[in-house]
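Coordinate inspection notes
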Amino acid sequence: MLDSTIKSQLAEYLKLLDNDLEIIVSVGDDEKSKEMQEFLNDVASLTPKITLKAGVLSRTPSFKINQKNKEFGVEFAGIPTGHEFNSLVLALLQVGGRTPKLEPEIIKQIQSIEGKLHFTSYISLTCQNCPDVVQALNMMSVLNPNISHTMVDGAVFTEEAEEKDVFAVPTVFLNDEFFSSGRISIEEILEKLGKDTTVDVTEPFDVLIIGGGPAGASAAIYSARKGVKTGVVAERIGGQVLDTQGIENLISVGKTDGSSLANTLENNMKYNGVTIIKGTKVDKVTKTDDLFELTLTNNTIVKTKTIIVATGAD
Ligand SMILES: Cc1cc2nc3c(=O)[nH]c(=O)nc-3n(C[C@H](O)[C@H](O)[C@H](O)COP(=O)(O)OP(=O)(O)OC[C@H]3O[C@@H](n4cnc5c(N)ncnc54)[C@H](O)[C@@H]3O)c2cc1C
């Protein structure tokens, strides 16, 4: 089922597994179950660190990724190919012991969540915004044993999706109640759960950029590289890039998609030490004697010596 190029790429990634994995596979006699079994056989054939074990999960076909002697809450009800293939690779590596690439503060917030939370995300394999949501919920499940997540392919579990009135993907349910529809970041999930994800902005910035699209990210990286204290406020890191499917006119890459480019912009800003304040907007700007004072829609006040406006078409 997996072609030889994908197999050799995946085999390379699987060399990074720190622990042995056991995948619990819940399959029946239907065609989709056969496909899933074949897919997982292919994955397991690439490393001795993965074994498959037949089991019964709440949906068939589905599978759950555990460490050999430790249960985790990461389940896939559907074959994660297409845009979800990366979600599978990351889930295997993270359940296998690789720490998710998140800010230490965000990891702390996730680990402090108490009470059992089970997320179900309804996705489609062609949806561009779904992998980020699936990956965010999987990371949360890996980091906190109170949290579990099942990705459900709406094209396989059509009746269930209809019963739940899922009209758009991704749609997320928490403990069987509607939670969110559309792209949502890990910070926004935490905020909806009542966690405080605000970054420390007590000290004024030298340069504050309003907007986190390509223009804002470029301005931020260039400012930070000059050694000045730089921050970015943006509702969405990536801006219009997030609404873009195939991008083919960047001279440094053959082809990319909006979600990957937005992640690269965010990672490059972090790498260069830019403070990112996202999921909120600048509502008001006032000028004091030597500083600008920006009031954000989440009521945070941020001070800065200079402002660069890069709000794109908004
Ligand atoms: C569907 C589509 C496909 C495209 N395809 C391509 C392509 O293939 N190749 C190409 O070169 N270009 C493409 N473009 C155009 C490209 O995406 C834009 O030119 C580019 O994103 C503009 O970058 P920007 O940083 O100026 O603004 P934007 O990307 O618009 O970013 C604006 C930023 O400002 C933030 N913002 C706005 N108001 C506030 C506020 N008050 N407070 C805080 N933050 C705020 C937003 O959240 C966002 O982060 C496409 C655009 C679209 C819509």
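The structure we're discussing is the one just above.
Here is what the cut-offs are and how they apply
- Residues numbered from 1 in each chain as written.
- Predicted model: local features only at pLDDT ≥ 70, side-chain atom pairs only at ≥ 80, totals over all residues.
- Heavy atoms only, no water.
- Near = heavy atom within 4 Å.
- Polar contact = N/O pair within 3.5 Å; in protein donor to acceptor, adjacent residues only side chain to side chain.
- Areas by Shrake-Rupley, 256 points an atom, 1.4 Å probe, with all protein chains shown as cover.
- Pairing = 2+ DSSP bridges.
- Helix = DSSP H or I, 4+ residues; strand = E, 2+ residues; numbered from the N terminus.
- Axes fitted to C-alpha atoms, helices over the stretch in contact; angles between N-to-C directions.
- Contact = heavy atoms within 4.5 Å.
- Parallel < 35°, antiparallel > 145°, perpendicular 65-115°, else oblique.
- Buried < 20%, exposed > 50% of the residue type's maximum accessible area, 1.4 Å probe, protein only.
- Salt bridge = Lys/Arg side-chain N within 4 Å of Asp/Glu carboxyl O.

Close to the ligand lie 26 residues, the nearest being Gly212, Ala215, Arg236, Gln240 and Val282. Interatomic distance of 2.8 Å between a backbone N/O atom of Ala215 and an oxygen atom of the ligand. In this structure, Gln240 approaches the ligand through a main-chain N or O atom, which is 2.9 Å from an oxygen atom. Here the ligand loses 70% of its free accessible area of 1000 Å² to cover by the protein chains.

Read from one edge to the other, the open sheet built from eight strands follows the order β2-β1-β3-β4-β6-β5-β7-β8, with strand pairing classed as mixed. Each edge of the open sheet is held by one strand with a lone partner, namely β2 (50–54) and β8 (177–181). Strand after strand, the sheet turns through a mean of 25 degrees between neighbouring axes, direction not considered. Pairing of strand β5 (residues 117–123) with strand β6 (residues 147–153), which is carried by seven bridges, proceeds in the parallel orientation. By the bridge assignment, Leu117 is partnered in β6 with Ile147. Lying on the sheet, helix α3 (residues 85–95) is in contact with β1 (21–26), β2, β3 (62–67) and β4 (70–77); it crosses β3 at an angle near 30 degrees.

Let's shift gears to the packing of α3 against helix α5 (residues 130–143). The interhelical angle for the contact between α3 and α5, taken along N-to-C directions, is 10 degrees, at an axis separation of 10 Å. The angle between α3 and α5 places the two elements in the roughly parallel class. On α5, the residues that touch Asn86, Ser87, Leu90, Ala91, Gln94 and Val95 of α3 are Pro131, Val134, Gln135, Asn138, Met139 and Val142.

Here the focus is the side chain of Ser180. When you line up the elements, Ser180 lands in strand β8. Residue class for Ser180 comes out buried when judged on its relative accessible area of 6%. Discounting residues that sit within four places of it in the chain, Ser180 has contacts with Pro170, Thr171, Val172 and Lys192.

Counted by the stated rule, this structure contains 19 salt bridges. A salt bridge links Lys15 to Glu12, with the shortest nitrogen-to-oxygen separation between them at 2.8 Å. You can call Lys15 exposed: its relative accessible area is 61%. The exposure class of Glu12 is partly exposed, given its relative accessible area of 46%. Measuring nitrogen to oxygen at the nearest pair gives 3.3 Å for the salt bridge that ties Glu187 to Lys278. In this pair, Glu187 sits in helix α7 (residues 186–192) while Lys278 sits in strand β13 (residues 275–278), placing the two residues 91 residues apart along the sequence. Residues participating in the shared-partner salt-bridge network are Glu103, Glu187, Glu266, Lys270 and Lys278.

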